[in-house]
Structures are given as structure tokens and as C-alpha cells.
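Per-entry structural report
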Amino acid sequence: MKDCLFCKMVAGEIKPDMVMQNDQLIAFRDINPQAATHILVVPRRHISTLNDLAQEDAGIIESMVSAARTIAHQQGIAASGYRLVMNCNQAGGQTVYHIHLHLLGGRPMGWPPG
Ligand code: AMP
Ligand code: ZN
């Protein structure tokens, strides 16, 4: 999708600090990390928000969670623990309107989240 930051990364027009790529998704380090490990898992397909997910997109979410689990192991935070977050729309804190999963770890997480 034109003018979408994450679509430009998927297309290779902008090159993030990539940690994983497969046929469904890319994963890269967040430019403004909120934890020692902060990685974004982004499907190649443009879907604006979680509200726009269709039933047939269930496989995309599965592959995103699976990738995050693998990356957590690779980054050495699986055993200590980590958090997966998806923000939806303004009140949910979404700023980039192409769905993505935040993988956060390397520090204790507070609850409730802000
Ligand atoms: P959200 O606020 O949930 O939509 O998350 C968007 C995330 O994208 C934020 O954590 C930003 O720091 C991150 N971000 C924005 N621009 C870039 C970029 N050029 N490279 C890597 N991460 C980015
Ligand atoms: Zn996009």
C-alpha cells in the first residue's frame, strides 16, 4: 500500500534492522525501543488494524505469534519472559496503521500496562 511505512519495509524501499523474514512476514528492531529487546513482527500483507482482520487471516496471526516465539528463543528472552502486544486504533496506542506484533523483553514488565 502506497504511503504505508511498513509496506515500504516489506518492499525493501526502507531497510530496518531485520531479524527474520519469511514468505508471510518480516521482523525487525523497533526504532524507539521500549525494552532491551523490542522487535516488531509485521505481516507482508497490508491490514490496517486488528478490526480489519478477516476470518481467513487467522493463519497470519498464527504465523506472527510463531515467529515471535522463535525470535524470543533466538534473542535469549524465552526463559526469562517477554510480552506480546498488538495496539488497535487511537485509544489502543496504534501509530502505524499496518498491523504488527510487538515483542518486548529483557526487563520486568509492569501490570496493568499504561
Ligand atoms: P504502534 O504504536 O503500536 O503502532 O507501534 C509502531 C511502532 O513502530 C513504534 O513502536 C515505533 O517506534 C515503531 N517505528 C516507527 N517507525 C519505525 C522505523 N522506521 N523503524 C522501526 N520501527 C519504527
Ligand atoms: Zn502497509
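The structure contained in this document is the topic of the report that follows. (Residues numbered from 1 in each chain as written. Chains lettered and ligands numbered in written order. Predicted model: local features only at pLDDT ≥ 70, side-chain atom pairs only at ≥ 80, totals over all residues. Heavy atoms only, no water.)

Let us look at the overall build of the protein. Along the backbone of the protein there are three helices and five strands. Whereas a compact globule of 114 residues would reach a radius of gyration of roughly 13 Å, the protein reaches 14 Å, a difference of no more than 12%. Overall size of the protein, expressed as C-alpha extent along the three principal axes, is 35 × 30 × 25 Å. Here the protein, with 114 residues, has 36% of them falling under the buried criterion. Long-range pairs, those at least 24 residues apart, make up 55% of the contacts in the protein between residues at least 6 apart in sequence. (Helix = DSSP H or I, 4+ residues; strand = E, 2+ residues; numbered from the N terminus. Rg over C-alpha atoms; globule rule 2.2 N^0.38 Å. Buried < 20%, exposed > 50% of the residue type's maximum accessible area, 1.4 Å probe, protein only. Contact = heavy atoms within 4.5 Å.)

A few words on the site of ligand 1. Close to ligand 1 lie 16 residues, the nearest being Asp 30, Asn 87, Thr 95, His 100 and His 102. Backbone polar atom of Gly 93 to an oxygen atom of ligand 1: 3.0 Å apart, as the coordinates give it. Relative to its free-state accessible area of 510 Å², ligand 1 is covered by the protein chains to the extent of 82%. Taken together, the elements giving at least two residues each to the shell around ligand 1 come down to helix H1 (5-10) and strand E2 (25-29). It is H1 that provides the largest number of residues to the shell around ligand 1, a total of three residues. A breakdown of the residues in the shell around ligand 1 according to their chemical character gives seven nonpolar, seven polar and two charged. (Near = heavy atom within 4 Å. Polar contact = N/O pair within 3.5 Å; in protein donor to acceptor, adjacent residues only side chain to side chain. Areas by Shrake-Rupley, 256 points an atom, 1.4 Å probe, with all protein chains shown as cover. Nonpolar A, V, L, I, M, F, W, Y, C, P; charged D, E, K, R; others polar.)

Where charged atoms of side chains with opposite charge meet at close range, the side chains can pair. This model, assessed by the stated rule, comprises three salt bridges. Lys 2 is paired through a salt bridge with Asp 3; the nearest N and O atoms lie 3.9 Å apart. Asp 3 shares its class with Lys 2; the two are exposed. For Asp 57, the salt bridge identified is with Arg 45, shortest N-O distance 2.6 Å. Of this pair, Asp 57 sits in the loop between strand E3 (37-43) and helix H2 (58-74) while Arg 45 sits in the loop between E3 and H2, placing them twelve residues apart in sequence. Residue classification places Asp 57 among the buried positions, given a relative accessible area of 2%. Looking at Arg 45, the relative accessible area reads 46%, which means it is partly exposed. (Salt bridge = Lys/Arg side-chain N within 4 Å of Asp/Glu carboxyl O.)

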